[in-house]
Amino acid sequence: MALYVQKYGGTSVGSLERIDSVVKRIDRCLASGHHVIVVVSAMAGETDRLIDLGLALGAQGGEREMDMLMSTGEQVSIALLALALKAHGHASRSYLGSQVAIRTDDAHTRARIIDMDTKRLSADLDDGVVPVIAGFQGVGPDGEITTLGRGGSDTTAVAVAYALSADECQIFTDVDGVYTADPRIVPNARRLDAITIEEMQELSSLGSKVLAVRSVEFANKHRVPLRVLSSFVEDDNQNTGTLITHEETVMEQPLVSGVTYSKDEAKITFVGVSDEPGVASDILGPVGDAGIEVDMIVQNTALDGRTDFTFTVRRGDFAQAMQLVREVRDQVGGREVVGDDGIVKLSVVGVGMRSHAGVATTMFKALAQEGINIQMVSTSEIKISVVIAERYLELGLRCVHSAFGLDT
Ligand code: ADP
Ligand code: ASP
Ligand code: MG
């Protein structure tokens, strides 16, 4: 007998028909003698709809109220699923994050889970009740409702699995596992039977939304067994999904395990700034003080004591960052500040890179053959990222995917 935490994403509970399919899966799991705790997201599109309503009223500075608003999506789906389970003869109880005391810090809209109570959940399991927990939400230090950032139901599921020492945290979604690239953009992408958690963490942090990055960080830190599977495949024997392993390599470890992208990128260049100590901190100081995260940074070699300084930020921070750097230019001088929010970051990830040279060359060659210009590069031990123009995103992903032999 095992304990599974099963998380169902928005599409997987997007209609009464999909909820019925979830009930049948839980039913099969219980019939095999296992225990199940369920975590659900809001119904497909609901969180976006709520955010749009809030934004239409000017959500600026209203993060507490946005949490109040966004967290309602999950309240609907837990109630519906618990009702559906009852209708099928299963005892079930729905819980908001606060009711199982998923305690977080006070960072509204991007809160971190601190801990949770397991008492009610353990009692339910003992009594044969299926708990259904609202993902994505928690309760802050002052009893305030918080949310965990987009995709945060994955994080709830991993935290619940850890707190109850579940045998596996199963993330049911609308694809049947983790692929070598987003299968919606790269039709030749392949499903991976297994991927190391280190690679999964890189893929998630570099933009792949199949798992929220914090859920993978949490699973990595606490060694939570994690699997991604389809909520659409009815035959459980055919639905083995992708195991996120805590081993350092997997069988037949390839050089590159996956290719991913992020559209949430914008680039700012300070042209003709004087090349002297303190310039980088002059430029980035005010940006950091405004709470804006800087990702890639490139500074060119100076000619005539002048250089160009380029960095990337999230698109939502672009306008503010541009303004701040223009103010710096007014103080320190320099030619001009130019920005571009029509860029994307394309990355390849693989622990195989550690022991092999030439990965960057393969990537650069593939892009060059398609006439795609590389604007910025950054590397770490197991990844290479490049910035390219957004219009080349699909072509770039496909040609790099192909170049590493990842196509089916
Ligand atoms: P859910 O609502 O179930 O949480 P998400 O939309 O958050 O689902 O995540 C699933 C989506 O992630 C898939 O539909 C797919 O388009 C996208 N995705 C991005 N990269 C990958 C990848 N490498 N493997 C599988 N899916 C991916
Ligand atoms: N409903 C939330 C979102 O859309 C959380 C989640 O789906 O994981 O981001
Ligand atoms: Mg998701």
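Anything mentioned here points back to the structure above.
What you see as residue numbers is a count from 1 along each chain, following the sequence as written. Lettering of chains starts at A and numbering of ligands starts at 1, both following the order in which they are written. pLDDT decides what is reported in this predicted model: residues at 70 or higher carry local features, side-chain atom pairs at 80 or more are listed and counted, and totals for whole chains, interfaces and linings draw on all residues regardless. Computation of side-chain values: all heavy atoms of the structure, hydrogens and water removed.

## Section: the overall build of the protein
- Put simply, DSSP H or I for four residues or longer makes a helix, DSSP E for two residues or longer makes a strand, and each gets a number counted from the N terminus. A count of helical and extended segments in the protein gives 12 helices and 20 strands.
- Computed over its C-alpha atoms, the radius of gyration of the protein comes to 23 Å, within 12% of the 22 Å expected for a compact globule of 408 residues.
- The principal-axis extent of the C-alpha atoms belonging to the protein is close to 80 × 50 × 35 Å.
- Considering the protein as a whole, with its 408 residues, one finds that 49% of them fall into the buried category.
- A separation threshold of at least 6 residues defines the contact pool for the protein, and within that pool the share at least 24 residues apart is 74%.
- A 1.4 Å probe and the Shrake-Rupley method give the accessible areas. Residues count as covered only by the protein chains that appear here. Carbon and sulfur atoms make up 47% of the accessible area of the protein, which amounts to about 18,600 Å² in all.
- When charges are counted, Lys and Arg are positive and Asp and Glu negative, with His and the chain ends excluded. One atom stands in for each charge, and that atom is NZ of Lys, CZ of Arg, CG of Asp or CD of Glu. Taken as two groups, the 37 positive and 57 negative side-chain charges of the protein have centres that lie 2 Å from each other. All radius of gyration figures rest on C-alpha atoms, and the globule criterion is 2.2 Å times the number of residues raised to 0.38. Burial classification: accessible surface area is computed with a 1.4 Å probe over protein chains only, and a residue below 20% of its type maximum counts as buried, one above 50% as exposed, and the rest as partly exposed. We call two residues in contact whenever any of their non-hydrogen atoms come within 4.5 Å of each other.

## Concerning the sheet that holds strand β20 (residues 383-389)
- A sheet is described by the order of its strands in space; here four strands give the open sequence β13-β18-β20-β19, paired in antiparallel fashion. In this open sheet, the two strands that pair with only one neighbour each are β13 (258-262) and β19 (376-380). The average undirected angle you get between the axes of adjacent strands in this sheet is 20°. A pair of strands is labelled paired if DSSP reports no fewer than 2 bridges between them. Axes here refer to lines fitted to C-alpha atoms; in helices the fit is confined to the stretch in contact. Angles between the N-to-C directions go from 0 to 180 degrees.

## Quick look at the packing of aromatic side chains
- Here a pair means two rings of Phe, Tyr or Trp (six-membered ring of Trp) with centres within 6.5 Å. Their orientation is stacked below 30 degrees between planes, edge-to-face above 60, and tilted elsewhere. This model, assessed by the stated rule, comprises three aromatic pairs.
- Taking 4.9 Å as the distance between ring centres and 10° as the angle between the ring planes, the aromatic pair formed by Tyr8 and Phe172 counts as stacked. With Tyr8 in strand β1 (residues 3-8) and Phe172 in strand β9 (residues 168-173), this pair connects stretches of sequence that are 164 residues apart. The same class applies to Tyr8 as to Phe172, namely buried.
- Aromatic side chains Tyr162 and Phe218 sit 5.7 Å apart centroid to centroid with 70° between the ring planes, which places their arrangement in the edge-to-face category. Highlighted residues: Tyr162 in helix α6 (residues 153-163) and Phe218 in helix α8 (residues 213-222), separated in sequence by 56 residues.
- The class for Phe218 is buried, based on a relative accessible area of 16%.
- Sitting over a ring, as applied to charges here, requires NZ of Lys or CZ of Arg to be within 6 Å of the ring centre and within 35 degrees of the ring normal. One residue, Arg18, lies across the ring of Phe232, its end atom 3.8 Å from the ring centre.

## Looking at the packing of helix α2 (residues 46-56) against helix α3 (residues 63-70)
- Where α2 meets α3, the closest approach of the two axes is 9 Å, and the angle between their N-to-C directions is 145°. By crossing handedness, the relation of α2 to α3 is classed as right-handed. Every residue of α3 that contacts α2 at Thr47, Leu50, Ile51 and Gly54 is listed here: Met66, Leu69 and Met70.
- Only Asp, Glu, Lys and Arg are considered charged, only Ala, Val, Leu, Ile, Met, Phe, Trp, Tyr, Cys and Pro nonpolar, and every remaining residue, Gly among them, polar. Among the residues forming the contact of α2 with α3, the class breakdown is five nonpolar, two polar and no charged. We call a crossing left-handed when the near helix sits turned anticlockwise from the far one by less than a right angle, and right-handed when that turn is clockwise.

## Structural notes on the site of ligand 2
- Around ligand 2 lies a shell formed by Ser41, Ala42, Thr47, Glu74, Phe136, Arg150, Gly151, Gly152 and Ser153.
- In this structure, Glu74 approaches ligand 2 through a side-chain N or O atom, which is 2.7 Å from a nitrogen atom.
- Throughout this description, a polar contact denotes any pair of N or O atoms lying within 3.5 Å of each other; where both atoms belong to protein, one of them has to be capable of donating a hydrogen while the other can accept it, and for residues adjacent in sequence the pair is counted only when both atoms sit in side chains. Side-chain polar atom of Arg150 to an oxygen atom of ligand 2: 2.7 Å apart, as the coordinates give it.
- Protein burial of ligand 2: of its 260 Å² of free accessible surface, 86% is covered by the chains.
- Its residues placed into classes, the shell around ligand 2 shows two nonpolar, five polar and two charged. Nearness is judged by heavy atoms alone; a residue qualifies as near a molecule or strand once a single heavy atom is within 4 Å of it.

## What about the sheet that holds strand β12 (residues 242-245)?
- Strand order in the open sheet formed by eight strands is β3-β6-β2-β1-β9-β11-β12-β10, and the pairing between neighbours is mixed. Among the strands making up the open sheet, the edge pair consists of β3 (92-95) and β10 (194-196). Geometrically, the sheet is characterised by an average inter-axis angle of 20° between neighbouring strands, direction not taken into account.
- Pairing of β10 with β12, which is carried by three bridges, proceeds in the parallel orientation. The partner of Ala194 across the bridge, within β12, is Leu243.
- Lying on the sheet, helix α1 (residues 16-31) is in contact with β1, β2 (35-40), β6 (130-134), β9 and β11 (226-230); it crosses β1 at an angle near 175°.

## Digging into the pairing of strand β14 (residues 266-274)
- Where burial is concerned, most of β14 is hidden: nine out of the nine residues are buried.
- Pairing geometry for β14 and strand β16 (residues 306-313), over seven bridges, is antiparallel. Bridge pairing in β16 places Ala266 opposite Val313.
- Where β14 lies against strand β17 (residues 336-340), five bridges are found, and the strand directions are antiparallel. Each bridged residue has a counterpart across the sheet, and for Lys267 the counterpart in β17 is Asp340.

## A few points about helix α12 (residues 393-403)
- Regarding α12, the residues found buried are Leu393, Gly396, Leu397, Cys399, Val400 and His401.
- At the C-terminal side of α12, Gly405 shows a positive phi close to 70°.

## Overview of the pairing of β19
- Sheet topology places β19 next to β20; five bridges connect them, and they run antiparallel. When the sheet's bridge partners are listed, Thr379 is paired in β20 with Ile384.
- Linking β19 back to β20 in an antiparallel pair, the connection comprises two residues.

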